[in-house]
Amino acid sequence: MKCEMFENHLDGYFDGSLSELERQSMEEHMQACPECRREYEAQKLLLEELRHLDDGVTAPPDLVSGAMERIRRERQPRKRRAAYWLGGAAAAALCLTLALGTLLGGAGAAGADSAAPMAAPMAAGAAEEVAEAPAEAPAPNALMAMDAGADRIVTEESVADDSAADGSAAKNRSAEPEYGLKIIREATIRMETENYDEDMAALEQLVSSMGGFITSREEYGSEQSAKTGENPRSLWMQLRVPSDQLDAFVEQAGEVGVVTYSGISETDVTDQYADTDRKLQAYQKQYDRVLAMMDQAATVEELIQIESELSRLEMEIENCQGSLNYWDTRVNYSTVYVSVDEVRRVVSANPTMGERMRTALANSWDDFTQGCQDLVVDLYAAIPYIAVWIVVLAAAGGVAVLVVRKVRKRREK
Amino acid sequence: METDMLNLKRASRGDERAFEALITPHADATYRLCLRMMGNEQDAADMAQEAFLRAWRSLSSYKGQSRFSTWLFRVTTNVCLDELRRRKRGESESMQALEENGLEIVDTGDTPESALDRAELRRELKSAIACLNEDQRAALILRDVQGLPYEEIARALDLNLNTVKSRISRARAALREKLSRGMELSAEKRV
Ligand SMILES: [Zn+2]
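Residues numbered from 1 in each chain as written. Chains lettered and ligands numbered in written order. Predicted model: local features only at pLDDT ≥ 70, side-chain atom pairs only at ≥ 80, totals over all residues. Heavy atoms only, no water.

1. Overview of the interface of chain B and chain A
Interface size is commonly expressed as the accessible area that is lost once the parts come together.
Working step 1: Listed as interface residues are 54 residues of chain B and, on the opposing side, 50 residues of chain A.
Working step 2: Summed over both partners, the interface of chain B with chain A comes to about 5200 Å²; 52% of that surface belongs to carbon and sulfur atoms.
Working step 3: At the junction of chain B and chain A, the tally comes to 11 salt bridges.
Working step 4: Across the chain B-chain A interface, the total number found is 19 residue pairs in polar contact (both at pLDDT 80 or more).
Working step 5: Of all the elements in the fold, those that place two or more residues in the side of chain B that touches chain A are α2 (16-23), α3 (27-38), α4 (41-57), α5 (68-90), α8 (118-131), α9 (134-145) and α11 (161-190) of chain B.
Working step 6: Considering only residue class, the side of chain B that touches chain A consists of 19 nonpolar, 11 polar and 24 charged. (Contact = heavy atoms within 4.5 Å. Buried area = accessible area lost by both parts, 1.4 Å probe. Salt bridge = Lys/Arg side-chain N within 4 Å of Asp/Glu carboxyl O. Polar contact = N/O pair within 3.5 Å; in protein donor to acceptor, adjacent residues only side chain to side chain. Helix = DSSP H or I, 4+ residues; strand = E, 2+ residues; numbered from the N terminus. Nonpolar A, V, L, I, M, F, W, Y, C, P; charged D, E, K, R; others polar.)

The following block contains the structure:
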């Protein structure tokens, strides 16, 4: 065996894909050739080290929850409805309790007072969730929406490669209104199509007609295998459209194929944007000041010091501008994630009566099962609320009984 | 496996809880993959999260043609590669030239006499991996760090088997070359 062949077989040796004969001749060669022996030792150690390279490395604890947080944000409308319902109901219970207390007066009021503080924070908690809703529509006027957005931002993922907080700029959490709201909107569309090629062309046409462009594209499966139906094609696309066209795009894309999921998520970066802009202005002022010092520099040493300070500030300024540009493009151009699946099942444009009935039945069955699941989940989530209501209502009932008894006693007298 | 299928079905209908149950067992492996691809913890966490998000968004393209973990690694690898390529485009020519000769940049100037101990060896190895070109790096990590069979890597990277094998082989050779001096000494010491 030659050395070259030995090296070619080295991977096979460790993968166990060599014949017994090949193994033997490699081992023989190793005995005779120190060069190759060394290669072998190196490979052995390398593979051993690689296998254990990340032993004990675990994901940060908030990795999955962070991702889920972002995923849920895409689906907020449904959640909000549940929160709205619960919040409303809790508020109603509170009103009822208070009303009962007031009506019954005297001894009754004392009882209701002790019950109310328990219900109040809960109603407030639920209401808070509901209050986020206005931020969903970028209302330019609403200061309230901005406040809600500011609260949300605390849990927001860092959107850009944060130009590390230098701390020189004063941290002021409230956004300055002059920027307007900086909201990044992203959409997700999943659809199924039967006429893959036509529909993809239509989709691409739609993107360019709206002044958008495709930034990333992955296609799986092939046309050939698609014909047999065994391995239908699917496409994953990431594209950008002007954000004022986003709603129109989502709507019109929905007419291309059969949409199975579509959602729009919003991330408010107004605060970070304002912060960075303030920092940028501070750096620019500082830059001008240092630049002015240049004329007064007496020694070469001073000059060098000033220049290095200037280049540091230049970098900071560039960083800030980079972040602002990044946000601006994100705000002006929405990202849309589109996934398309080729299907053979026909959802015909002009369905027959029978087809429509079947589809309708299938859909309502789906809705029904989904609804049951949702109901169970919502009920489960409502357990704490229900538990407290029971306490509240029991207290109110107890008070009512007491009062009624008292009144009767008085009458008897 | 049964519950995985159920969770998968539910997740592709838009059930986040099912999706969470589906990805949680793979969180560590996904993170480690990102860590080796990106080379630092902050980027690794960002990319792993991004990978989960992309997995969620493109869940409908997973047809059960491979194990879920393989598909997830594929998505993760693509997320990392996209990011690395995006950064590369933004880099200056000179940086790119440096990266092409990457094995030299991280040379810490060890004298041939100094034997590497294990910790040092690992450090060297990590920086050597970071200097491989990203396609070789992806294949090598999936095979030698994650321990995936060649066939699954081929599927994950959408390459044919021979390409995968030759990429891994070339990556190993590059690492061996980088480490052989130090390894020889440390191997002798251990014997
Ligand atoms: Zn030899």
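2. Considering the side chain of E134 of chain B
Working step 1: Relative to the assigned elements, E134 of chain B resides in helix α9.
Working step 2: Those residues in contact with E134 of chain B that lie beyond four places of it in its chain are M37, L81, L84, R85 and K88 of chain B.

3. Notes on the environment of I214 of chain A
All names here are of chain A.
Working step 1: Along the chain, the position of I214 falls in strand β2 (residues 213-220).
Working step 2: Owing to a relative accessible area of 32%, I214 belongs among the partly exposed residues under this scheme.
Working step 3: Considered as a pair, I214 and Q238 are 24 residues apart in the sequence and their alpha carbons are 6.1 Å apart.
Working step 4: If we skip the residues at most four places from it in the chain, I214 touches E204, V207, M237, Q238 and L239. (Buried < 20%, exposed > 50% of the residue type's maximum accessible area, 1.4 Å probe, protein only.)

4. Describing the nonpolar core
For soluble globular proteins, the rule of thumb is that nonpolar side chains tend to be buried together.
Working step 1: By size, the foremost hydrophobic cluster in this structure holds 67 residues, and its most contacted members are L50 of chain A together with F19, M37, F52, F68, L142 and L175 of chain B.
Working step 2: Those residues in contact with L50 of chain A that sit more than four places away from it in its chain are L125, I129, L140, D144, V145 and L175 of chain B.
Working step 3: Among the nonpolar cores identified, the runner-up in size contains 21 residues, and M191, L239, F249 and A253 of chain A belong to it. (Core = buried A, V, L, I, M, F, W, Y, C linked by side-chain atoms within 4.5 Å.)

5. A closer look at the environment of L181 of chain A
All names here are of chain A.
Working step 1: On the secondary structure map, L181 appears in the loop between α7 (143-153) and β1 (183-193).
Working step 2: A relative accessible area of 22% means that L181 is categorised as partly exposed.
Working step 3: Along the sequence, L181 and V269 sit 88 residues apart, while their C-alpha atoms lie 7.9 Å from each other.

6. Structural notes on the sheet that holds strand β4 (residues 258-268) of chain A
Residue and element names in this part refer to chain A.
Working step 1: Strand order in the open sheet formed by 5 strands is β2-β3-β5-β1-β4, with mixed pairing between adjacent strands. Across the chains shown, the open sheet's two edge strands, defined by having one partner strand only, are β2 and β4. Strand-to-strand twist of the sheet, defined as the mean angle between neighbouring strand axes without regard to direction, takes the value 15°.
Working step 2: Where strand β3 (residues 234-242) meets strand β5 (residues 333-342), 9 bridges bridge the pair, whose relative direction is antiparallel. (Pairing = 2+ DSSP bridges. Axes fitted to C-alpha atoms, helices over the stretch in contact; angles between N-to-C directions.)

7. Quick word on the pattern of salt bridges
Working step 1: The full count for this structure, using the stated rule, is 28 salt bridges over all chains.
Working step 2: Ionic pairing is found between R36 of chain B and D54 of chain A, a salt bridge with its closest N-O pair at 3.0 Å. Linking R36 of chain B in helix α3 with D54 of chain A in the loop between α3 (34-51) and α4 (63-73), this pair reaches from one chain into another.
Working step 3: The class for D54 of chain A is buried, based on a relative accessible area of 3%.
Working step 4: Of the charged contacts in the structure, one is a salt bridge between D43 of chain B and R87 of chain B, with a shortest N-O distance of 3.0 Å. On the criterion of sequence distance, the pair formed by D43 of chain B in helix α4 and R87 of chain B in helix α5 is long-range, its members being 44 residues apart.
Working step 5: Given the relative accessible area of 14%, D43 of chain B is considered buried.

8. Here we look at the confidence of the model for chain A
Residue and element names in this part refer to chain A.
Working step 1: Scored by pLDDT, chain A comes out at a mean of 73, with 66% of its residues at no less than 70.
Working step 2: Mean pLDDT per element in chain A: α7 is the minimum at 33, and helix α2 (residues 20-32) is the maximum at 91.
Working step 3: Per-residue pLDDT stays below 50 along residues 77-81; that stretch engages in 10 contacts with residues further than four places along the chain or on separate chains.
Working step 4: Here residues 106-177 is a poorly scored stretch, pLDDT under 50, and it has 101 contacts once near neighbours within four places are set aside; other chains count. (pLDDT = per-residue confidence, 0-100.)

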